[in-house]
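Chain by chain, the residues:
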Amino acid sequence: MGRKILLEHIDVPGIKTFDVYRANKGYSAVEKALKTMSPDEVIEEVKKSGLRGRGGAGFPTGLKWSFLDRKTNNPRYLVCNADESEPGTFKDRYLIDHIPHLLIEGLIVSSYALGCNATFVYVRGEFKTQIGILEQAVAEARKAGFLGKNILGTNYSLEIYVHSGAGAYICGEETALLESLEGKRGNPRIKPPFPAVKGLYDCPTVVNNVETLAAVGPIINMGGPEYAKIGIGRSTGTKLISACGNINKPGVYEIELGLPVSEFLFSEEYCGGIKGGKQLKAVIPGGSSVPVLPAKLITTTAAGEPRLMSYESLAEGGFVSGTMMGSGGFIVYDADACMVRSTWNFSRFYHHESCGQCSPCREGTGWMEKVLHRIENGHGRQEDIDLLVSIAAKIEGNTICPLGDAAAWPVASAIRHFREEFEFHVNYPELVRDPKHQPISKLAQVHV
Amino acid sequence: MFKVTIDNITVEVEPGTTILNAARKIGGEVVPPAMCYYSKLKGSGGKCRTCLVKVAQGSAADPRPMPKLVASCSTPVQDGMVVQNITSPEVLAARKAIVEFLLINHPLDCPVCDQAGECDLQDLSFKHGLEATRYIEEKREFDVVDIGEKIKLHMNRCILCYRCVYTADQIAGKRVHGVMYRGDTAEISTLISQNINSDFSGNVIDVCPVGALTDRTFRFKSRVWFLNPMNAHRDCLKCSGKVTAWMFGKEIYRVTARKDQFGEVEEFICDECRFEKKQTSDWVIEGPRHIERNSVISANHYEKIKKPSIIKPLEEKTEKQE
Ligand SMILES: Cc1cc2nc3c(=O)[nH]c(=O)nc-3n(C[C@H](O)[C@H](O)[C@H](O)COP(=O)(O)O)c2cc1C
Ligand code: SF4
Ligand code: SF4
Ligand code: SF4
Ligand code: FES
């Protein structure tokens, strides 16, 4: 059994409520931090823990906090990114649904560390239920004196505002989120300046993911160095993985970073193997934006090492044979899944969600979707496959925000590893055009 | 002052200057094309990506190159920065890619487009475009609409540079003009077909780099290259009254702001000057205006008529016979 940090008390009945949460040592990190530690000491502890952003990029949280411009007289803001919209990722929702006070506790401690007196939680528009849960949790914490003026009799005051987005994936990108929070159109900002210098209402701002902030409470309780003992190398601590696709036990799991991918996939404690005893074909381990890997490369690296669930190991091999940890949305495909269809589906998503500000992403995502749609429906041409590779390469790195890259990588990696499936679609259009066609794996055996 | 080297030419600029503006200080070929940045509009730039350049050396203090190409219009220079624009094959390839993206959904109906001849996209495509399109899908289409009495919007031709949005916001006062929807279905729109009613609304036409926003009082009247741009002025209470009057013989066909060598207006003008004053008697005509562009308008420079030099006939070579 791996160690549980975030989900330690998840099975306690009623843990969702303030009283039960409090009875299980909840809010002790707030007491410890506010009463016995200076803000800098809290930041130092988070630095020592090695905690890295759980929103996708994996940037060290303590370091990010230390970039916050403290010299200005302007207010500083902490914004919690609860916009979770990445296909395959549903871990933040799980945390909010089941143990919302863990997030509130993390928010209070983090706000104290950063010297913020107003903190915002930006929640994905579709998360109506979760907005209700958070609002109630905030009200409970407020009533108990953990929010408001002079928390626990100290001279620290804090308000938490829960803000609903309007349902756009792009508003998860931190600067688009800030624009949206300010009441503007959710277009990502041109950087520099970065939010740490000029963020919300032009004031220094830190944006962190729900899971990142939820981990701060336990880190303060156990101490940074203790947290850093869990995990492997620079991937410290535990991570929530939302597993879905063709597996026996889809769901949200807390793993110690460094767990072998094969164990996560096949052990009964986690995914429980491939559904129906089928062969594993591919895995996207970090949400739809990261490269897909075929079965043999997801369980072992190109160098033959077992692949681990860690930032470094998943990235081993770069884009040629590796992928990324991303947000921890673990999507599993069995042998009968069609990679062309899946790729088309993702590219449709990115096309739909592009904000349209910059030319490569606005035009390129639509172009890729249209070409993939043709291939998937038996109207592809041989040259379309290289065309897709070329479009993806021209978007990548040339856009304002990483959504462009996120749209390009799934296409590029699917073709890199599953080119024969794309070719099959082009070569046997009448087969793929048949709406009742058999799984690709079976068709390919018969016809190639 | 910061020293920055662009395509092997070094220039000194104020700290805070962007790479693009440093390049503009040098001038000529090393200036990256800018389809969205507009020095007179706050917040503009960063969107079209045509101005991408390579930073081969970040600064004297930190000589590492930047990992990705950067938008020169929104990246400030550092002391000792080394930038490659036209000397970098990577940059030229990216620019080609951007032009391809800008054109896939573009109607390219230049023969019936009022902007033809003074269109930044035309110039850009001519210089960096591919010979043939690789795009065989359907282009997205919008209806042509009027925004107000004087302005036509051809959304099909829009490259979403947002210049008109900033203009409406910052110059024309009221924020009723903006972008709706997102991605490649995003469109410029006025709030529920409201007109942009302001004395300065016509400036959106001048800032538009393409033929998406055109002057309804000039529509289809003439191709721009048949007109003579003349500097003209009048006493105007609302603006400086300094304009370019586009003339055909003695008639004024249209009035625009005066544009500088980078295609930007020198001063924004009011709608009265632009739309109402079409009589020669309304203006003091100063003389021909130099159009500093590669366009067909300046192909026949008429402002400095030079005496043709006499071409010496080539001396005929006597072929040796062997
Ligand atoms: C298109 C796009 C969507 C994103 N969506 C989310 C999201 O839903 N939730 C999130 O936490 N981070 C998201 N991010 C990452 C954020 O920009 C940001 O890096 C993150 O919130 C930082 O938090 P962290 O350091 O705690 O990971 C997204 C990024 C991009 C480019
Ligand atoms: S990359 Fe896409 S989503 Fe990001 S700013 Fe550009 S158009 Fe918008
Ligand atoms: S906007 Fe420019 S490129 Fe487009 S049709 Fe008009 S002249 Fe041609
Ligand atoms: S209408 Fe013209 S100025 Fe406005 S965004 Fe489109 S191209 Fe730019
Ligand atoms: S001019 Fe720089 S991105 Fe458009």
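A few points about the domain arrangement of chain A
Residue and element names in this part refer to chain A.
Item 1. On domain assignment, one finds that chain A holds domain 1 (18-226), domain 2 (237-334) and domain 3 (339-447).
Item 2. In this structure, domain 1 and domain 2 have C-alpha centres spaced 28 Å apart.
Item 3. Between domain 1 and domain 2, the residue contacts involve 16 residues of the former and 21 residues of the latter.
Item 4. At the boundary of domain 1 with domain 2, the tally comes to two salt bridges.
Item 5. With its nearest N and O atoms 2.8 Å apart, the salt bridge here joins Arg-52 to Glu-312.
Item 6. The interface formed by domain 1 and domain 2 contains 13 residue pairs in polar contact (both at pLDDT 80 or more).
Item 7. Per-element accounting of the side of domain 1 that touches domain 2 gives the leading share, three residues, to helix α5 (residues 91-98).
Item 8. Taken together, the residues that form the side of domain 1 that touches domain 2 break down as five nonpolar, six polar and five charged.

Re the site of ligand 4
Item 1. Residues in close proximity to ligand 4 include Cys-158, Ile-159, Leu-160, Cys-161, Tyr-162, Cys-164, Ile-188, Cys-208, Pro-209, Val-210, Ala-212 and Leu-213 of chain B, which together make up its full environment.
Item 2. Looking at the shell around ligand 4 residue by residue, the class counts come to twelve nonpolar, no polar and no charged.

Concerning the site of ligand 3
Item 1. Inspection of the region around ligand 3 gives His-106, Leu-108, Asp-109, Cys-110, Cys-113, Ala-116, Cys-119, Gln-122, Arg-157, Val-210 and Gly-211 of chain B as its neighbouring residues.
Item 2. By residue class, the composition of the shell around ligand 3 is six nonpolar, three polar and two charged.

Looking at the packing of helix α6 (residues 100-114) of chain A against helix α7 (residues 128-143) of chain A
Residues and elements named next belong to chain A.
Item 1. One can describe the packing of α6 onto α7 by two numbers: an axis separation of 9 Å at closest approach and a directional angle of 60°. Overall, the two elements α6 and α7 adopt an arrangement that is oblique. Here α6 runs over α7; the crossing is right-handed. Along its contact with α6, which presents Pro-100, His-101, Leu-103 and Ile-104, the element α7 presents Ile-133, Leu-134, Ala-137, Val-138, Glu-140 and Ala-141.
Item 2. Of the residues belonging to the contact of α6 with α7, the class tally is eight nonpolar, one polar and one charged.

Description of the pattern of salt bridges
Item 1. Summed over the entire model, instances satisfying the criterion amount to 51 salt bridges over all chains.
Item 2. As a salt-bridge pair, Glu-31 of chain A and Arg-22 of chain A come within 2.8 Å of each other at their nearest N and O atoms.
Item 3. Exposure remark for Glu-31 of chain A: the relative accessible area of 25% places this residue in the partly exposed category.
Item 4. Owing to a relative accessible area of 30%, Arg-22 of chain A belongs among the partly exposed residues under this scheme.
Item 5. Among the salt bridges present, the one from Glu-12 of chain B reaches Lys-3 of chain B, with a minimum N-O distance of 3.7 Å.
Item 6. What emerges from the salt-bridge pattern is a single network uniting Arg-54, Lys-91, Asp-92, Glu-211 and Lys-239 of chain A.

Describing the packing of helix α16 (residues 339-353) of chain A against helix α17 (residues 359-376) of chain A
When two helices pack together, their arrangement is given by the angle between their axes and by how far apart the axes lie.
All names here are of chain A.
Item 1. Their axes nearest at 8 Å, the elements α16 and α17 cross at an angle of 150°. Between α16 and α17, the angle is such that the two are roughly antiparallel. Crossing geometry of α16 relative to α17 is assigned as left-handed. Residue-level contacts link Val-340, Arg-341, Thr-343, Trp-344, Ser-347, Arg-348, Tyr-350 and His-351 of α16 to Thr-365, Gly-366, Met-368, Glu-369, Leu-372, His-373, Ile-375 and Glu-376 of α17.
Item 2. Each residue belonging to the contact of α16 with α17 can be placed in one class, and the counts come to six nonpolar, six polar and four charged.

Structural notes on the environment of Leu-443 of chain A
All names here are of chain A.
Item 1. Here Leu-443 is to be found in helix α21 (residues 440-447).
Item 2. Its relative accessible area of 6% is what places Leu-443 among the buried residues.
Item 3. Sequence spacing of Leu-443 and Val-12 is 431 residues, and the spatial spacing of their C-alpha atoms is 49 Å.
Item 4. Residues in contact with Leu-443, not counting those within four places in the same chain, are Phe-424, Leu-431, His-437 and Gln-438.

Quick look at the sheet that holds strand β12 (residues 242-248) of chain B
Residues and elements named next belong to chain B.
Item 1. The strand order across the open sheet formed by four strands is β13-β12-β11-β14, and the pairing between neighbours is antiparallel. A strand with exactly one partner marks an edge of an open sheet, and here the two such strands are β13 (251-257) and β14 (284-288). If you compare each strand with its neighbour and ignore which way they point, the axes differ by 35° on average.
Item 2. Looking at chain direction, strand β11 (residues 228-233) and β14 are connected through four bridges and run antiparallel. Residue pairing for β14: Ala-232 is matched across the bridge by Ile-285.

Conventions and cut-offs
- Residues numbered from 1 in each chain as written.
- Chains lettered and ligands numbered in written order.
- Predicted model: local features only at pLDDT ≥ 70, side-chain atom pairs only at ≥ 80, totals over all residues.
- Heavy atoms only, no water.
- Domains from an automatic or database assignment.
- Contact = heavy atoms within 4.5 Å.
- Salt bridge = Lys/Arg side-chain N within 4 Å of Asp/Glu carboxyl O.
- Polar contact = N/O pair within 3.5 Å; in protein donor to acceptor, adjacent residues only side chain to side chain.
- Helix = DSSP H or I, 4+ residues; strand = E, 2+ residues; numbered from the N terminus.
- Nonpolar A, V, L, I, M, F, W, Y, C, P; charged D, E, K, R; others polar.
- Near = heavy atom within 4 Å.
- Axes fitted to C-alpha atoms, helices over the stretch in contact; angles between N-to-C directions.
- Parallel < 35°, antiparallel > 145°, perpendicular 65-115°, else oblique.
- Left-handed = near helix turned anticlockwise from the far one by under 90°.
- Buried < 20%, exposed > 50% of the residue type's maximum accessible area, 1.4 Å probe, protein only.
- Pairing = 2+ DSSP bridges.

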